[in-house]
Amino acid sequence: MIKVYCYSRCTTCKKALKWLDDNKIEYEKIDLKENHPDEDMLRELHEKSGLPLKKFFNTSGKIYKEMELSKKLPDMSEDEQFKILASDGMIVKRPLLITDKKVLTGFKESEWEEIL
């Protein structure tokens, strides 16, 4: 089963869910704010994604900016970055698409089409 971590007020998440619905793709929707992935799960998702860890950060989010993470991340260890990501779902890039074989951050229709 495909899982999609998203935030109900995020317009990109709404577009992604509409795309899934329009393409009749079944999925489980998980509220990223209320039920965000823990550190162990984030490590698994990161490994499965093949993406740089920085792609898991919601760089346009309020918390990211308040914490000045754009300045701090380059000097942080991966362990520190995972702890921050696990601390609040609003720091995680959304939507977060999880399939049996792949993990994607954000919504790019062409990427989603390719793996779904």
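Keep in mind that this is a model prediction, so the values were computed, not measured. (Residues numbered from 1 in each chain as written. Predicted model: local features only at pLDDT ≥ 70, side-chain atom pairs only at ≥ 80, totals over all residues. Heavy atoms only, no water.)

Engineer: Whenever I open this one, the pairing of strand E2 (residues 27-31) confuses me. Can you help?
Structural biologist: Regular strands place side chains that alternate from one sheet face to the opposite one. Here 5 bridges tie strand E1 (residues 2-6) to E2, and the two strands are oriented parallel to one another. Bridging across to E2, Lys3 finds its partner in Glu28. Where the polypeptide runs from E1 across helix H1 (residues 11-22) and back to E2, its parallel neighbour, the crossover connection is right-handed. (Pairing = 2+ DSSP bridges. Helix = DSSP H or I, 4+ residues; strand = E, 2+ residues; numbered from the N terminus. Right-handed = clockwise from strand over helix to strand, strands pointing away.)

Engineer: What am I meant to see in the layout of surface pockets here?
Structural biologist: Using a probe with the size of a water molecule, rolled over the atoms, empty space left in the structure can be pinpointed. What the largest pocket holds in volume is close to 270 Å³. Around the largest pocket, the lining is made up of 15 residues, and of these Leu51, Lys55, Thr105, Lys108 and Glu111 lie nearest the centre. When contributions to the lining of the largest pocket are tallied by element, the ones reaching two or more residues are strand E4 (103-105) and helix H6 (109-115). Top element by residues in the lining of the largest pocket is H6. It accounts for 3 residues. (1 Å grid on protein atoms, 1.4 Å probe; cavity = no way out; pocket = protein on both sides within 12 Å on 5 of 7 lines; lining within 4 Å. Points joined across faces, edges and corners; volume = space filled by probe spheres on them.)

Engineer: Just checking my understanding: could you explain the environment of Thr59 for this structure?
Structural biologist: With respect to the helices, strands and loops of the structure, Thr59 is situated in the loop between helix H2 (39-49) and helix H3 (62-66). For Thr59, a relative accessible area of 42% corresponds to the partly exposed category. Excluding its chain neighbours within four sequence positions, the residues that come into contact with Thr59 are Tyr64 and Lys65. (Buried < 20%, exposed > 50% of the residue type's maximum accessible area, 1.4 Å probe, protein only. Contact = heavy atoms within 4.5 Å.)

Engineer: Even after reading the chapter, I still don't get the side chain of Ser49, so can you show me in this structure?
Structural biologist: Looking at the secondary structure, you find Ser49 in helix H2. A polar contact is formed between the side chain of Ser49 and the backbone nitrogen of Leu51, at a distance of 3.0 Å. If sequence neighbours within four positions are ignored, Ser49 has contacts with Phe56, Lys102 and Val103. (Polar contact = N/O pair within 3.5 Å; in protein donor to acceptor, adjacent residues only side chain to side chain.)

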